[in-house]
Structures are given as structure tokens and as C-alpha cells.
Amino acid sequence: MKNAILLFFGCIASLATNAQNINFTDDCVKTICVENWDTSGDGELSMAEAAAVTDLNTKFAFETDVIRFPELQYFTGLSCISTYDFYSCKNLRSIILPPQITYIGSSAFFGCINLQEIVIPDAVKTLNQYAFNGCSSLRTVTLPEGLTTIGDYAFSACNSLQGIAIPASTTSISASAFWSCSSLTSVTVDLDNTVYDSREDCNAIIKTNTNTLQLGTVSTIIPTSVTTIGASAFYGNVRLQNIDIPEGVKTIGISAFSGCTALTTVTLPSTLTSIGSNAFTGCKKLTSILLPEGLKTISDFAFKGCAALRKIYIPSTVTTIDFYAFSECSRLTKVAAAKASPISIDASVFPYAFKSTLYVSKGSLEAYRNAATWQDFNTIVELGQEITATVEPEEMEAGTEATLTISLANDDFFSYRSVQTDIVLPNNFYLNADDIVLSDRCTGMTVTLNPQEENVYHLTCTSETGFITGTEGTLLTLALHSNDGVAGGEYTGTAQNITLTNDYGKQQPLVDAEFKWNVIGRNTFAMGDVNHDGFVNVTDVSLSVNYILGNIPPVFYKENADIDQDRNVNITDITNLVNLILKKVEN
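Residues numbered from 1 in each chain as written. Predicted model: local features only at pLDDT ≥ 70, side-chain atom pairs only at ≥ 80, totals over all residues. Heavy atoms only, no water.

K.L.:
Can you break down the side chain of T220 residue by residue, with the values?
P.N.:
Tracing the sequence through the fold places T220 in the loop between strand 14 (212-215) and strand 15 (228-229). Using a relative accessible area of 8% as the deciding quantity, one classes T220 as buried. One polar contact links the side chain of T220 to the main-chain carbonyl oxygen of N203, over a distance of 2.6 Å. In contact with T220, not counting residues within four places along its chain, are C202, N203, A204, L213, F234 and I243. (Helix = DSSP H or I, 4+ residues; strand = E, 2+ residues; numbered from the N terminus. Buried < 20%, exposed > 50% of the residue type's maximum accessible area, 1.4 Å probe, protein only. Polar contact = N/O pair within 3.5 Å; in protein donor to acceptor, adjacent residues only side chain to side chain. Contact = heavy atoms within 4.5 Å.)

Here you go:
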């Protein structure tokens, strides 16, 4: 009987012990845990045995058969997830961390490429460097209130990560913490955070006291209060296609847009003074970029590997272009240097100068031909654009019209998507919008003519998709009309406020263009003198008859043939002309 009772209580004890054993969902995880921490030797891991573990000792590192480990939450003796604990567990998809850990060590989950989500426990204060680096399937991360530090490359190359919310407690975020997180579209910072902010719902992290944009995303709209694009701010964002950097930004930091392989368009502000090292390295789809006047420094490797970059404009304010600034830019065949005196540069800056054209400002051609490195360009030419306006014929009669021709001569560095000017005419002259004819240089463009104040017409020729073609010749012609009562003499008109908009979207003002013509007043030739030979005779009758019959004479002035001034030349005018001649003969 005693033995039976002992057996009964032994079974109860055994059942109680078994009830405390962990039921693992992943056989590989169970095997590792039993092999390392089954102190009872029963082939199981109990809750107590799990709680006794204080260090995982990288037992799961490189274990590619590990898929799920929610039972890690029972390892309540752990104070941290240490360095390399789950390094390169490539098939790990889910894990629940113990609630009491206070930090996650360096490279703890480095290369866990199938890990899709992670909740960081509330007690964690620090995410060390490379903690989740390369977790390319990681879509969501919950950061706890209380987290203070996000280390170097902590989430680098997590290119499926879509959103991140920075808590109020976080006071240190490494510039490289979110490198190459190209899917990030939502970035917010708690309003109570005193170090960082995401002002104006900009989908970015901004360091508050320096107004430095530290992390940008594919959907970032940079606030106008930002003064610096920080180091690596958009690094490796392979989905970023265009970015508008607003006025107020003075500095683009080291590697700010490095590796943005889809970037095609960048708008830089006039306030920009410095472009950092490697700022646009590897932006292989960037075809052109307008560097603004005011820029002073282009640092080393700034545009290295911009393989599609075809031309670059160096403003007159640039004083420094460092080594290899445009290295590996094999298609860069047009370089414009606006500074009158060449600055000193190394041969590594433009390695393809031998097959490129250098455009320089007027009057500085010889200086560049004699300057070291600059003289290595295959061709050196001067920049220049000029609008001219002419009237043909140069002599017109009052009440008639002449042709006003607007022409453009330009270098082939810039292309132009629009031209606009104000045409100012003297009294008694006017233009009509219906009389404008565009040349082949403006194919696909549209033109508008809007009267402004008296005798002033605003002319705009533009295109949404095309550009003015060629480098010289007529852009358009207009009919210049004169009123009947205009007096004879020389007249002057002006095309002023001339502005060209180039292919960078920037406006270039040009010098005013004057045009002159002469007017022969109506009283200079007698009524009936249709060929202006100074006589009213039978020749004028013959010319008028031919005109009425449709045989337009080569020299024929309609206003002198219109004897009755009804704006038509017909048989009545012939009769009046004959009577006019007979009356003169009789006299």
C-alpha cells in the first residue's frame, strides 16, 4: 500500500514537472536549447531551465534551420540579446524577445533576411550597431518609449521597412542607422522629443537644434526651415527619383544621396554653398544638374559614378573642386565654367576632358586655353545668347505693315524651353496675335501675345515637352502694323525684359534688343500715284486695272490706288483716277 502511494505521488510530481516544460514550435530551436541548457537531462527544457539562462553565447548564430522562436520570451534570466546571438539566421521569420532585456547587442540579428517584424520590449534602452542590419524582409518595427539610442547601421539595408516611429525618449540616432531603407514612406518623431522632430509632417527625421535633415525617405518633402541635408540622409534610397531641395539649405552632407540609383532630377537652391564628399556618388540616372550661383565647394567624389551625366555648369562662385569630383562620369562631354579666371583643379576632376567641350564666359577663352588641366579639354568655346529683332522692309508707308523678326543666336550648351519678352512700340503702331508665325526652331511650341499697357505687348513662346532647336536663326515673325495718320520719319522699338528658360528650368535674362525702321508719310506721294514714281498718269491707271483683274503688279501701293478711301480698289477708283488725271491736264 505504501509503495502504491509513493508511486501515485511520483506520477503527480512527474506530471507537474512536465507541465512546466516548454512546448517548442520549432524542432531545430528545441534541439539547440536541450543540447545547451537541459540541466535535468530529461530531453526537455523547462521554464525554470530557460529562466536560468543568462547568456545565449551565440548558440543560434548561423543556424539557417531556425524558423520560429516565440519561446525566447521565457528566457527571463537574460538581460540583453548579446553580440552575434542570432547572426545570419537567414530563415528566422518570427521571434518574441524577453520583456526584461535592456539592450540589443551589436549585429545581434545581422543578416536575418526573412525576419518580417520585431517588437522591441519596453525595457530596451539601446539598439547597438548593426543590430538588425540586412534584415531585408523586415517590414515593421515597434520602438518602445524609453529607447534612448539607435546605433550605427542598426537598421541599415532593411529595404522592406515601411515605417518608423521615433519615441520621445530617443536622444541619439546614428546618421547611418537607417541606411538603404528604400521602402520607408512614413517617418514620425514623437512631438515631445526634444532632440529630433518631423516638422510639417515631412516624413523625415530632423535634428531640431541644427535644422539638419538626418533621415529622408522617398516621400520626404524637405521643410524650408532645414539648412543642412545631413550625412547619408538619403543614402542608398534606390526608389528616390526626384528631390526638390528648398531655399535655405546651405550644405549637402557627405554621401547624402549616394547610391540613389533611380534619381533623375535634383533641384538645388540658390542658398547652397557646399556639396560634400560622395554626395551624389552612384546616381547613375542623373543626366544633368544645375549648380547654383553662390556654390563655393564641390568636394571629392561628389558626383563619382554619375554615368548618365552629360553636362555640368560650374557657377562663377565656385572656388574649390576637389579630387575625383566627376570621376567615372564617362558621358560628361559638356562642361561650362562661368568663372572668368580658371581655378586650380587636379586632372582627376574631369578624367574625360580629352573628349569633352569646355564652355567659358566671354573674354576668358585664352585664360582657359593656357590653364593647367582646363587646357586638356578637346574643345574650348565661349558661352553666349543674344536676341535680335529686325523690321523688313526697313522702309514702310503709313497705313501699311512690315515684318518684325525675332531671332536667337546661342551656344549649344543650354537648351531652351521658353522665351519671353516685352515688345515696346511707338505710338500709331500695333501688333496682332493672329499675325505670328513660328519658325521650325520652335516646332511643337505655343505662342501668346498679350497687350499690357499702351504700346507694350508681352510675348511668350513656350513648350511643355520640347525645346528651341539649333543655335541660330529666326524664332518667329510678327506683322508690324501702322496707322494711316502716322507721320513720316525714323522709328524705334524695343524687345526688353528678355528671358530664356533653359533645360534646367532656370531663367536667363538677356540684353534688350532695339529695332528701327523708316516710315514714308501718306502725303509724300500724291493720291493716284500707285507706283510711287512721283507722277499721276496713265501708267497708274494701267497698274490699277491689272490689280483689279488679279494681275498684281510688282510695285503697287494700294493705299494710293484707293481714291475714294473705302479700303477697296475697284472700278470706281479707276474712274476717279481718270478724272483726277483729266482734271490735272485741263488745269
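K.L.:
Outline unusual backbone geometry, supporting the account with residue identities and numerical values.
P.N.:
With an omega of -10°, the peptide bond running from E392 to P393 counts as cis. Its location among the elements puts P393 in the loop between strand 27 (385-392) and strand 28 (395-397).

K.L.:
Outline the sheet that holds strand 10 (residues 172-173), listing residues and values.
P.N.:
Taken in spatial order, the 5 strands line up as 2-4-6-8-10 in an open sheet, and their pairing is parallel. The sheet is open, and its two edges are formed by strand 2 (80-81) and strand 10, each paired on a single side. (Pairing = 2+ DSSP bridges.)

K.L.:
Before we move on, can you summarise the sheet that holds strand 17 (residues 251-252) with the specific residues and values?
P.N.:
Whenever strands of a sheet pair, they do so through backbone hydrogen bonds, lying parallel or antiparallel. With respect to topology, 8 strands assemble into an open sheet ordered 12-13-14-15-17-19-21-23, the strand pairing being mixed. Two strands lie at the open edges of the sheet, namely strand 12 (196-197) and strand 23 (320-321), each paired on one side alone. Two elements, strand 17 and strand 19 (residues 274-275), share 2 bridges in a ladder whose sense is parallel. Pairing of T251 across the sheet is with S274, part of strand 19.

K.L.:
Tell me about the environment of S176, and please be specific about residues and values.
P.N.:
With respect to the helices and strands, the residue S176 is situated in the loop between strand 10 and strand 11 (186-189). Judged by relative accessible area, S176 falls into the buried class, the value being 7%. In this structure the C-alpha to C-alpha distance between S176 and S542, which are 366 residues apart in sequence, comes to 92 Å. Not counting the four nearest positions on each side in its chain, S176 is found in contact with D152, Y153 and S156. Separated by 3.1 Å, the side chains of S176 and S174 make a polar contact.

K.L.:
An account of the pairing of strand 34 (residues 456-462) is requested, with residue identities and associated values reported.
P.N.:
Most of strand 34 sits inside the fold, with 5 of its 7 residues counted as buried. Note: strand 30 (residues 416-424) against strand 34, 7 bridges, orientation antiparallel. Along strand 34, the bridge assignment pairs V424 with V456. Count of turn residues in the strand 33 (residues 446-451)/strand 34 antiparallel hairpin: 4 residues, of which N455 carries a positive phi of about 70°.

K.L.:
Pulling in residues and values, what's your account of the packing of aromatic side chains?
P.N.:
Tallied over the entire structure, the rule returns 38 aromatic pairs. Relative to Y87, the ring of Y84 lies with its centre 5.3 Å away and its plane at 70°, an arrangement referred to as edge-to-face. For Y84, a relative accessible area of 42% translates into the label partly exposed. With a centroid separation of 4.9 Å and 10° between ring planes, the pair formed by F234 and F257 is classed as stacked. Of this pair, F234 sits in the loop between strand 15 and strand 16 (242-244) while F257 sits in the loop between strand 17 and strand 18 (265-267); the two residues are 23 residues apart in sequence, bridging distant segments of the chain. Taking the relative accessible area as the measure of exposure, F234 reaches 1% and is therefore buried. Taking the relative accessible area as the measure of exposure, F257 reaches 0% and is therefore buried. (Phe/Tyr/Trp six-rings, centres within 6.5 Å; stacked < 30°, edge-to-face > 60°.)

K.L.:
How would you sum up helix 5 (residues 538-549)? Please name residues and give values.
P.N.:
Here helix 5 spans 17 Å end to end across 12 residues, near enough to the 16 Å set by a 1.5 Å rise per residue. Within helix 5, burial applies to D540, V541, L543 and S544. An end-on view of helix 5 places all buried positions within 165° of arc, on one side of the element. The outward face of helix 5, more than 90 degrees from its buried face, is lined by the exposed residues V538 and L549. N-capping of helix 5 is provided by N537, with a side-chain oxygen placed 3.1 Å from the backbone N of T539. Directly beyond the C-terminal end of helix 5, a positive phi value near 95° is found at G550. (Expected span 1.5 Å × (residues − 1). Arc of directions from axis to C-beta.)

K.L.:
Explain the environment of F350 to me, and be specific about the residues and the numbers.
P.N.:
Of note, F350 is situated in the loop between strand 24 (334-337) and strand 25 (357-360). Given a relative accessible area of 6%, F350 falls into the buried group. Sequence spacing of F350 and A487 is 137 residues, and the spatial spacing of their C-alpha atoms is 61 Å. Not counting chain neighbours up to four residues away, the residues in contact with F350 comprise I312, F326, L332, V335, I345, W374 and F377.

K.L.:
Give a detailed account of the environment of N455, specifying residues and quantitative values.
P.N.:
The residue N455 is located in the loop between strand 33 and strand 34 in this model. Not counting residues within four places of it along the chain, the set of residues in contact with N455 comprises I423, V424, L425, P426, N427 and F429.

K.L.:
Tell me about the pattern of salt bridges, and name the residues and values.
P.N.:
One pass over the structure, following the stated rule, counts 5 salt bridges. Of the charged contacts, one joins E44 and K30 as a salt bridge, the two residues approaching to 3.1 Å between their closest N and O atoms. Here E44, found in the loop between helix 2 (27-37) and helix 3 (47-51), pairs with K30, found in helix 2; they are 14 residues apart in sequence, far enough to count as distant. Of the charged contacts, one joins D503 and K311 as a salt bridge, the two residues approaching to 2.5 Å between their closest N and O atoms. Taken together, the residues span a long stretch of sequence, with D503 in the loop between strand 36 (489-502) and strand 37 (507-509) and K311 in strand 22 (residues 311-314) at a distance of 192 residues. In this pair, the class of D503 matches that of K311, namely buried. (Salt bridge = Lys/Arg side-chain N within 4 Å of Asp/Glu carboxyl O.)

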